[in-house]
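Structural features, examined
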Amino acid sequence: MTVNGGSLGCGAGHRFDIARQGHVNLLGRGAPRNADTADMVAARERVWATGLFGPVAEAVAEALDGCRSLLEVGAGPGGYIARALESNPQAQGLASDVSPQAARRAARAHPRLAAVVADTWRPLPLRDEAVDGLLCVFAPRNPGEFARVLADGGRCVVVVPRASHLVGLRQQFGLLDVAEDKAQEVRRSLAPALELVESRRVRRARELTSEQVTDLVAMGPNAFHRTPETLPSTIATVDVDVLVFQRQARETSSA
């Protein structure tokens with residue numbers, strides 16, 4: 001694609017306006033009903049500001065050290081990829097999310113970060129082998145597209161919750177359960193093009209205020225269901241696996 005004034009264009013004649021907030025909507029339709037709302041994105045940003053997920057962001061950034069072109073799918077407001085860009089001064093980044101509200105915030109998360117509204121389940125808006133680092137943090141995975149856009153030797157960092165992740169909140173408010181074999185399932189789904197080269201557990205327990213607990217619940221899918229307006233303070237335990245995969249070399253046909 002090429003930039004022409006306030007829009008992007010491709011050789012096929014398609015044009016997409018660049019919103020005044022800085023993002024580009026490539027969805028071609030309305031956002032799905034389960035896309036993050038403005039209130040959910042705001043709650044996510046407030047939770048991010050508490051530093052609860054800071055150790056996870058640090059682990060992701062370390063895993064992407066040295067990468068020069070980054071893509072985050074399901075990026076939300078862009079906190080994780082922005083942290084990775086801070087650790088890689090020469091890198092450029094693209095944040096993708098199906099929520100226009102999230103992309104709008106991600107476009108302002110870092111000076112070297114662009115943002116698009118796109119569906120991870122559809123072809124990603126990148127050419128083959130376009131990036132050497134890909135982030136997927138608590139987000140949907142598209143193994144075929146991940147393998148396509150990653151260059152040979154590129155890294156794909158996937159963060160998945162463990163069964164004890166936020167277990168107290170999940171039990172109290174009926175949030176989605178996490179399978180015991182979540183990491184193994186992710187590994188199987190990404191093989192054989194992406195090989196697991198590192199697995200790191202990140203665990204942190206922290207007491208949250210009533211307002212912070214409310215935001216933690218409100219930033220996820222439970223926001224679409226009725227919950228108490230004020231939730232009690234509690235200790236929240238972040239417990240995740242940071243999985244680092246490497247793109248295997250593509251087979252080349254002999255002449």
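In what follows, the structure referred to is the one given above.
A quick note: this is a predicted structure, and the numbers were derived from the prediction, not measured.

Moving on, we come to helix α2 (residues 54–63). Within α2, the full set of buried residues consists of Val56, Ala57, Ala59, Val60, Ala61 and Ala63. In the core, the buried residues of α2 are packed alongside α1 (38–50), α3 (79–87), β8 (131–137), β9 (150–161), β10 (194–208) and β11 (234–247).

Moving on, we come to the pattern of salt bridges. Tallied over the full model, the rule gives 15 salt bridges. Salt-bridge contacts for Arg148 lead to Asp128; the nearest nitrogen and oxygen are separated by 2.9 Å. Of the two residues, Arg148 is situated in helix α5 (residues 143–149) and Asp128 in the loop between β7 (113–117) and β8; the sequence distance between them amounts to 20 residues. Assessed through its relative accessible area of 22%, Arg148 is described here as partly exposed.

With that settled, consider the sheet that holds strand β6 (residues 92–97). Ordered in space as β4-β7-β6-β5-β8-β9-β11-β10, the 8 strands form an open sheet in which the pairing is mixed. Only two strands of the sheet have a single partner each, and these edge strands are β4 (24–25) and β10. Alignment of strand β5 (residues 69–73) against β8, held across 4 bridges, turns out to be parallel. By the bridge assignment for β8, Leu70 is matched with Gly133.

What counts, and at which threshold
- Residues numbered from 1 in each chain as written.
- Predicted model: local features only at pLDDT ≥ 70, side-chain atom pairs only at ≥ 80, totals over all residues.
- Heavy atoms only, no water.
- Buried < 20%, exposed > 50% of the residue type's maximum accessible area, 1.4 Å probe, protein only.
- Helix = DSSP H or I, 4+ residues; strand = E, 2+ residues; numbered from the N terminus.
- Contact = heavy atoms within 4.5 Å.
- Salt bridge = Lys/Arg side-chain N within 4 Å of Asp/Glu carboxyl O.
- Pairing = 2+ DSSP bridges.

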